Amino acid sequence: MIKLGIYNKDNQIVREKFDPKYELPDRLLYGESEEAVHIGSRKIALQEGDFIRLEVDQPNQYIWVKFDDTFEPSLVYIKDAITWDYQIPFEQLERSALKDTSFTGNGHYIYARYAYDFEISQYRNLALNRHAEYLNKGVYPHASANVETRNDPTFFARNAIDGVWANDDHGAYPYQSWGINQQDDAALTIDFGREIVTDMISITLRCDFPHDTWWNQVSMSFDDGSEAVFETVKTDARQVFKFEAKTITSLTMHSLIKGEPGPFPALTQLEVFGTNK
């Protein structure tokens, strides 16, 4: 069973009101089914404090979600918690890393469904999650870092896994990135919440030159105890690195060496290719 609903700050299901002349009852923005569920609305303006609640009947589930028309669907893994409350962002700074129309207007369509076996087993970018939140709520993949520039959402670690590759500027959408606040020991971790097998990563550097500088070497530590060092170059293109397949649950990018002096190197995307164990 999978359940999906839009709730307000008082933990009540949001209702869509109908014109009384049609003699229809107000509709709850809620649904449930065995495998897939969606919610559509034409006349609801989301309010501050509203959130989307996804519930599954047991942990360790792979779920496709799409919580806004401006988001690409994400295949997420729900590990321990069977209830995920996705807080809809309303604060101006928080929204700066989103398209300006995200979660606005009166028409909304969201859905969630269990993934098919062939989708779970396919080789793909396992780090991708457009719906990643700042705090880890038991939904994976999740990105975190030991530093993020000015605690500004446009520089949060989660931006490195959101699937947005625009990298010739910095700041508000679509140029969000992981910014390191000029910290020499900056490190970013991606946690997958389960075992995966990976043999390739892709690094996309931010290239807002001359504002930016860049890294010509990055290290990657895997939680199986292994480590790899990758030589990167000054380019706005994806840089792909292959290695012997390894089984991991997380990895950390660290020891970031600048290719030339400058205060502002940054990461636009980190892709991790492989299969679920």
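Predicted, not measured: the structure shown is a model, and the values here were computed from it.

Student: Help me out: how do you make sense of the nonpolar core in this one?
Tutor: For soluble globular proteins, the rule of thumb is that nonpolar side chains tend to be buried together. Counting 35 residues, the largest nonpolar core has W178 and L270 as its most contacted members. Of all elements in the fold, only strand 15 (188–205), strand 16 (215–222), strand 17 (227–231), strand 18 (239–258) and strand 19 (266–276) reach the threshold of two or more residues within this core. Broken down by element, this core gets its largest block of residues, 7 residues, from strand 15. Those residues in contact with L270 that lie beyond four places of it in its chain are A127, A160, I161, L188, I190, I201, S202, I203, M220, L251 and M253. With 27 residues, the next largest nonpolar core counts L4, I44, V65 and I110 among its residues.

Student: Looking at this model, I keep getting lost on the layout of surface pockets. Mind explaining?
Tutor: Vacant regions in the atomic arrangement are exposed by a probe of water-molecule size rolled over the atoms. There is about 400 Å³ of room inside the largest pocket. If you trace the largest pocket, you find 22 residues lining it, with Q87, P89, E94, E133 and R158 closest to the centre. The class makeup of the residues in the lining of the largest pocket is 10 nonpolar, 5 polar and 7 charged. The calculated volume of the second largest pocket comes to roughly 170 Å³. Every residue lining the second largest pocket is counted, 14 residues in all, and those nearest its centre are T149, R150, F155, R206 and F264.

Student: Would you take a moment to explain the sheet that holds strand 9 (residues 83–87) for this structure?
Tutor: Note on sheets: strands pair through backbone hydrogen bonds, and any given pair is parallel or antiparallel. Pairing is antiparallel in the open sheet, where 4 strands are placed in the order 4-1-6-9. Only two strands of the sheet have a single partner each, and these edge strands are strand 4 (30–33) and strand 9. Across the sheet, the mean angle separating the axes of adjacent strands is 10 degrees when strand polarity is ignored.

Student: Sorry if this is basic, but what is going on with the pairing of strand 15 here?
Tutor: If a strand is regular, its side chains alternate between the two faces of the sheet. A large share of strand 15 lies buried, amounting to 13 of its 18 residues. Alignment of strand 13 (residues 142–145) against strand 15, held across 4 bridges, turns out to be antiparallel. Residue pairing across strands places H142 opposite D191, the latter belonging to strand 15. Of the strand pairs in this sheet, strand 15 and strand 19 are connected by 9 bridges, and their pairing is antiparallel. Paired with I196 across the strands is N276, a residue of strand 19.

Student: Looking at this structure, I do not really get the pattern of salt bridges. What am I missing?
Tutor: Two side chains carrying opposite charge are able to pair once their charged atoms lie near each other. With the rule as written, the count across this model stands at 9 salt bridges. The salt bridge partner of D85 is R53, with a shortest N-O separation of 2.7 Å. Here the residue D85 occupies a position in strand 9, and R53 occupies one in strand 6 (residues 51–56), the gap between them amounting to 32 residues. Taking the relative accessible area as the measure of exposure, D85 reaches 25% and is therefore partly exposed. Judged by its relative accessible area of 15%, R53 falls in the buried class.

Student: Any chance you could explain unusual backbone geometry here in plain terms?
Tutor: If a residue is not glycine, its phi is most likely negative; likewise, a peptide bond is most likely trans. The omega angle of the peptide bond from Y140 to P141 is 5 degrees, so this bond is cis rather than trans. Positionally, P141 belongs in the loop between strand 12 (139–140) and strand 13. The amide bond that connects F209 to the next residue, P210, takes the cis arrangement and shows omega of 10 degrees. Residue position: P210 is located in the loop between strand 15 and strand 16. A positive phi angle, close to 55 degrees, is found at R150, a residue other than glycine. Here R150 shows up in the loop between strand 13 and strand 14 (178–179).

Student: Even after reading the chapter, I still don't get the sheet that holds strand 12, so can you show me in this structure?
Tutor: Judged by pairing direction, the sheet is antiparallel, and its 5 strands sit side by side in the order 5-10-7-8-12 without closing on themselves. Each edge of the open sheet is held by one strand with a lone partner, namely strand 5 (36–41) and strand 12. Relative to strand 12, strand 8 (residues 74–78) runs antiparallel, the two sharing 2 bridges. What sits directly across from I78, in strand 12, is V139.

What counts, and at which threshold
Residues numbered from 1 in each chain as written. Predicted model: local features only at pLDDT ≥ 70, side-chain atom pairs only at ≥ 80, totals over all residues. Heavy atoms only, no water. Core = buried A, V, L, I, M, F, W, Y, C linked by side-chain atoms within 4.5 Å. Buried < 20%, exposed > 50% of the residue type's maximum accessible area, 1.4 Å probe, protein only. Helix = DSSP H or I, 4+ residues; strand = E, 2+ residues; numbered from the N terminus. Contact = heavy atoms within 4.5 Å. 1 Å grid on protein atoms, 1.4 Å probe; cavity = no way out; pocket = protein on both sides within 12 Å on 5 of 7 lines; lining within 4 Å. Points joined across faces, edges and corners; volume = space filled by probe spheres on them. Nonpolar A, V, L, I, M, F, W, Y, C, P; charged D, E, K, R; others polar. Pairing = 2+ DSSP bridges. Axes fitted to C-alpha atoms, helices over the stretch in contact; angles between N-to-C directions. Salt bridge = Lys/Arg side-chain N within 4 Å of Asp/Glu carboxyl O.

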